[in-house]
Each structure stands twice: as structure tokens, then as C-alpha cells.
Amino acid sequence: MGHAHGLELKEEILRALRGIADLVDSVWDELPVPRAGLDDPSRCFDEDQLSELQGVADAVGVPLGNIVAYNLALFADMGSGSTRFAIPAGRNPARCMVHFAGEELPLASSLSETLVPTVQVREPARGIAHVALSFAGVLGAMGGVNARGIAITGGALVDRRNGSSTGPLHPLVVRTVL
């Protein structure tokens, strides 16, 4: 999916990369990303995820490291703060469940003119088909729903910004659950 996604959204991904570079004056170290993930992406991404990121990088024509840094920067943002609620079908006039998720995305807000939100329909070789909410060129998800009707949205479970966690990255956990 990475290569097809990169081809389809090449200009949008390039615009987002330029937006982040402009924001930090091309000094990616200023972003709240795990240094270990920049030095060795396999510490944050499994083999299939790295292959997908490489596909995006190849399609867009940039080094894999740029796509990794872009993903890690937005991952630090995703789930950093959010509001969620659901109204059951029996409690609203539409007679269907209503689910709301509002994300507070400080970095993404600074890049609102360059980031493109996407709804990705994914049919993984292993796992359940699902729809995920993310951004162009980003592997993880803020939320989504799978073909079995399981929906997930959620804020980060731990504080990554201060380096206190070494577990899986929240947007990848969301995608894995889907």
C-alpha cells in the first residue's frame, strides 16, 4: 500500500515535508521524536511497516529517513490530547450510534495548510480490513473502524514527549488493533 499511497498523494506528502522543514528550519532534531527511531527505524517500526514506509519514500522520491522522521513527528502529536464521546442509537433521533473524536494536534495545527487528512481503506494481507483516519504519508492512525464493526479512537496511554516510554507508538497500536 505504501507505494500506491505515495504515488496518489505525492504532492501532498512533499508539501507536508516542506512544511515541517520550514517549521523547524530543517533541523529535525527540534521535533519531539524518539532519537532512537531516527537512528534505527526498526526500533519503532516492524519489517512490514518499514516496507510500507519505503514504498512511500520511493514513490515520493525522498530518502526513507525523511518519511520516518515525518511519521515520528506526527506520531508524537497524535493522541497528545483529545475529546471523545458516543451517543447510543436509542438515545438520538437518527437511531444510529454517533461517535465523536476531536484531536488536539499542536504540530499538525502549525502545519494546517500543508497536512492533508486522509481516510485510508486498508485490506492487509494479515489482519482485518479497516478504515483508518490519518494524514497523507503517515502510517499510523488516530482512529478507525474495522470490517467487524470494532471502532477505536484514543489518546496516548503514556507520555512519550518526555521519553518516559519505550513501548509501541500509539498510532501504530491503533492501526494494529484495527
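Provided above is the structure to which this section pertains.
About the criteria used
Residues numbered from 1 in each chain as written. Predicted model: local features only at pLDDT ≥ 70, side-chain atom pairs only at ≥ 80, totals over all residues. Heavy atoms only, no water. Helix = DSSP H or I, 4+ residues; strand = E, 2+ residues; numbered from the N terminus. Buried < 20%, exposed > 50% of the residue type's maximum accessible area, 1.4 Å probe, protein only. Contact = heavy atoms within 4.5 Å. Expected span 1.5 Å × (residues − 1). Patch = residues over 30% accessible without salt bridge, like charges linked within 9 Å, V, L, I, M, F, W, Y side chains within 5 Å. Areas by Shrake-Rupley, 256 points an atom, 1.4 Å probe, with all protein chains shown as cover. Salt bridge = Lys/Arg side-chain N within 4 Å of Asp/Glu carboxyl O. Axes fitted to C-alpha atoms, helices over the stretch in contact; angles between N-to-C directions. Parallel < 35°, antiparallel > 145°, perpendicular 65-115°, else oblique. Nonpolar A, V, L, I, M, F, W, Y, C, P; charged D, E, K, R; others polar. Pairing = 2+ DSSP bridges. Polar contact = N/O pair within 3.5 Å; in protein donor to acceptor, adjacent residues only side chain to side chain.

A. Inspection of the overall build of the chain at higher detail. On a plain count of helices and strands, the chain comes out with seven helices and six strands. The helix and strand sequence of the chain, counted from the amino end, reads α-α-α-α-α-β-β-α-β-β-β-β-α. The buried share of the chain, taken over its 178 residues, is 43%. Of the contacts made within the chain by residues no fewer than 6 positions apart, 58% connect residues no fewer than 24 positions apart.

B. The arrangement of helix α2 (residues 10-23) in detail. End to end, α2 covers 20 Å across 14 residues, agreeing with the expected 20 Å (1.5 Å per residue, within 8%). For α2, the full list of buried residues reads I13, L14, A16, L17, G19, I20 and A21.

C. Layout of a nonpolar patch on the surface. A surface patch of nonpolar side chains, amounting to about 400 Å² of accessible area, comprises V119, V121, V131, L133 and V145. Mapped onto the elements, V121 comes out in strand β3 (residues 117-122). With relative accessibility at 58%, the residue V121 sits in the exposed group.

D. Representation of the packing of α2 against helix α4 (residues 47-60). Contact pair α2 / α4: the axes reach a minimum separation of 10 Å and the direction vectors enclose 95 degrees. Compared by their axis directions, α2 and α4 come out roughly perpendicular. Between α2, through K10, I13 and L14, and α4, the contact on the second element is made entirely by V56, A59 and V60. For the contact of α2 with α4, the per-class residue count stands at five nonpolar, no polar and one charged.

E. Spotlight on the pairing of strand β5 (residues 143-146). The pairing of strand β4 (residues 130-135) with β5 spans four bridges and is antiparallel. Its bridge partner being in β5, L133 is matched across the sheet by G143. Here three bridges tie β5 to strand β6 (residues 151-153), and the two strands are oriented antiparallel to one another. Note that in β6 the partner of V145 across the bridge is A151. From the end of β5 to the start of β6, which pair antiparallel, there are four residues, and G149 there has a positive phi angle of about 90 degrees.

F. Local environment of the environment of S134. Among the secondary structure elements, S134 is positioned in strand β4. Residues S134 and V116 lie 18 residues apart in sequence; the distance between their C-alpha atoms is 8.6 Å. At a separation of 3.4 Å, a polar atom in the side chain of S134 contacts the main-chain carbonyl oxygen of V138.

G. Structural view of the sheet that holds β6. In spatial order, the strands read β3-β4-β5-β6; together these four strands make up an open sheet with antiparallel pairing. Edge positions in the open sheet fall to β3 and β6, since each of these has one partner strand only. Neighbouring strand axes in the sheet, compared pairwise and without regard to direction, differ in orientation by 15 degrees on average.

H. Examining the pattern of salt bridges more closely. All chains considered together, the criterion is met by two salt bridges. Among the salt bridges present, the one from D48 reaches R126, with a minimum N-O distance of 2.0 Å. Of the two residues, D48 sits in helix α4 while R126 sits in the loop between β3 and β4, which places them 78 residues apart along the sequence. Overall, the relative accessible area of 64% leaves R126 in the exposed class.

I. How the structure looks around the environment of I13. One can find I13 in helix α2. Overall, the relative accessible area of 0% leaves I13 in the buried class. Excluding residues that lie within four positions of it along the chain, I13 makes contacts with H5, G6, V56, V60, I67, A136 and G137.

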